[in-house]
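# Remarks on the overall topology
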Amino acid sequence: MDQIIIGVDTHKSNHIAVAINVQGARLGGMTVPANRQGYRDLEAWATRFGSVKAFGIEGTGSYGAGLARELLTKDHTVLDVMRPNRQLRYLHGKTDGLDAESAARSVLNGQASALAKTQAGSSEMIRHIKVARDSAVKAKSQAMITLKTLIINAPVELRDTLDQIRGPISLIRHIAALRPGKITSPTASAKASMRAIARRWLALHEEIQIHEEELKRMVCAKAPELMESHGISTLTVAEMLILVGDNPERIKSEAALAKMCGVCPIPASSGKTNRMRLNRGGNRQANAAIYRVAIVRMRDDEKTKAYAAKRTAEGKTRREIVRCLKRYIVREIYRNLCAPITALHAP
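Computed from a predicted structure; not experimentally measured.

### Side note on the pairing of strand S1 (residues 3-10)
Side-chain direction in a regular strand flips from residue to residue, so the side chains alternate between the two faces of the sheet. With respect to burial, S1 is a largely interior element, seven of its eight residues being buried. Pairing of S1 with strand S4 (residues 51-58), which is carried by six bridges, proceeds in the parallel orientation. Looking at S4, one finds that Val-8 is bridged to Ile-57. Pairing geometry for S1 and strand S2 (residues 14-21), over seven bridges, is antiparallel.

### Quick notes on the packing of helix H10 (residues 234-244) against helix H12 (residues 284-300)
Interhelical geometry of H10 versus H12 gives an angle of 145° and a closest axis separation of 9 Å. As H10 runs across H12, the sense of the crossing is left-handed. For the pair H10 and H12, the contacting residues are Thr-236, Glu-239, Met-240 and Leu-243 in the first and Gln-285, Ala-286, Ala-289, Ile-290 and Val-293 in the second. Residue classes in the contact of H10 with H12 are distributed as six nonpolar, two polar and one charged.

### Notes on the side chain of Asp-301
As for its placement among the helices and strands, Asp-301 is situated in the loop between H12 and helix H13 (302-313). Despite its burial, Asp-301 pairs with no opposite charge; the closest candidate is Arg-297, at 5.6 Å N-O. Engagement of the side chain of Asp-301 in a polar contact is seen with the side chain of Thr-304, the distance being 2.7 Å. Ignoring any residue separated from it by four or fewer positions in sequence, one finds Asp-301 in contact with His-230 and Val-296.

### Quick notes on the nonpolar core
Among the nonpolar cores identified, the biggest contains 37 residues, and Met-240, Leu-257 and Leu-337 are the most heavily contacted of them. Looking at this core, the elements with two or more residues in it are helix H8 (186-222), helix H9 (224-227), H10, helix H11 (254-260), H12, H13 and helix H14 (318-337). Here this core gets eight residues from one element, more than from any other, and that element is H14. Inspection of this core shows a minimum of three residues originating in each of domain 2 (122-222) and domain 3 (226-338). If we ignore the near neighbours within four places in the chain, the residues touching Leu-257 are Met-240, Leu-243, Val-244, Ile-251, Val-330, Ile-333 and Tyr-334. Counting residues in hydrophobic clusters, the runner-up holds 18 residues, among them Ala-19, Tyr-39, Ile-57 and Ala-116.

### Details of the environment of Lys-182
Counting through the fold element by element, Lys-182 comes out in the loop between helix H7 (168-176) and H8. On the basis of relative accessible area, Lys-182 is assigned to the exposed category, the value being 71%. For the pair Lys-182 and Ala-192, spaced ten residues apart in sequence, the C-alpha separation works out to 9.3 Å.

### A short note on the sheet that holds strand S3 (residues 26-33)
Strand order across the open sheet formed by six strands is S3-S2-S1-S4-S5-S6, with mixed pairing between neighbours. The open sheet has two edge strands with one neighbour each: S3 and strand S6 (114-115). Here strand S5 (residues 78-81) pairs with S6 via two bridges, running antiparallel. Among the inter-strand pairings, Asp-80 is bridged to a residue of S6, identified as Ala-114.

### Observations regarding the packing of aromatic side chains
With the rule as written, the count across this model stands at two aromatic pairs. Geometrically, the ring pair formed by Trp-45 and Phe-49 is edge-to-face, given 5.1 Å between the ring centres and 80° between the ring planes.

### Looking at the side chain of His-211
Assignment of secondary structure puts His-211 in helix H8. The residues touching His-211, leaving out its near neighbours within four places in the chain, are Ile-129, Ala-132 and Arg-133.

So, how was this worked out
Residues numbered from 1 in each chain as written. Predicted model: local features only at pLDDT ≥ 70, side-chain atom pairs only at ≥ 80, totals over all residues. Heavy atoms only, no water. Buried < 20%, exposed > 50% of the residue type's maximum accessible area, 1.4 Å probe, protein only. Helix = DSSP H or I, 4+ residues; strand = E, 2+ residues; numbered from the N terminus. Pairing = 2+ DSSP bridges. Axes fitted to C-alpha atoms, helices over the stretch in contact; angles between N-to-C directions. Left-handed = near helix turned anticlockwise from the far one by under 90°. Contact = heavy atoms within 4.5 Å. Nonpolar A, V, L, I, M, F, W, Y, C, P; charged D, E, K, R; others polar. Lys, Arg positive; Asp, Glu negative; His and termini not counted. Salt bridge = Lys/Arg side-chain N within 4 Å of Asp/Glu carboxyl O. Polar contact = N/O pair within 3.5 Å; in protein donor to acceptor, adjacent residues only side chain to side chain. Core = buried A, V, L, I, M, F, W, Y, C linked by side-chain atoms within 4.5 Å. Domains from an automatic or database assignment. Phe/Tyr/Trp six-rings, centres within 6.5 Å; stacked < 30°, edge-to-face > 60°.

What follows is the structure in structure tokens.
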């Protein structure tokens, strides 16, 4: 039976699939609704042409997540495909069918080689909780900014009373307990609005604590050794678990993980100039988490201090030392999250 490759261009309401064989000939196309029945119809349609070598799907972390999850449960190989190059789109045109065919050809020529996340385990649960926690943190910060603005613009007698209260928590609890009464003056309206925002802040504060406790429990169960490392917090491990996913064997080496985090340098040599430049790609949330670990270790960890002093004596700048430390931290993370499972699957 001939082997085929399926490319899929994903959208919110429907998915467009194109089948090609290993010689690159287009075999057919199909549009299915983005629901479970549509996923089953697409799989049945694909198997009519032959044995499916791989599915190349655009957006396995967004619109294509449901399809990728369904195909992975059926033991299909699912690869994450980057969106087509804009220059190629400009030259060859843009349709959903062409994008799906481009996805299939990216798999055929080896350009798309990253396995999709399974999104069906504890890492996906951690992602859900962290999304809720981050949203609450953002809303809490906005509430505090709005509350401070209201205090500054409040009537003088009210502002003078609030200025005498020390400590942000004490101030917020005091405002949350205000009794504005019937709104017949600017003072009463200011009290009513500030009380509403202060109570919202307190509710968000409690919600964040609940989310963080749940994240700590899940992260400690998933990566207990990494949690014990100096400078690595619950949120750092959670961010790395989200990046790695529930199938860490798809990350073949620590260099691959470093590239995913934007930690590896990029060659920028030309002619007689031989240099490397800073990588501004990769997952920026993971990159920021690793940066915080490096800064904490440079401040508190004796081994890191000694390393930084040694590199400073060699002529390295602080920024260059931080970049080196980030690479070492990625190596530690890889050994804890990826290497043991990869070793179990090794021949």
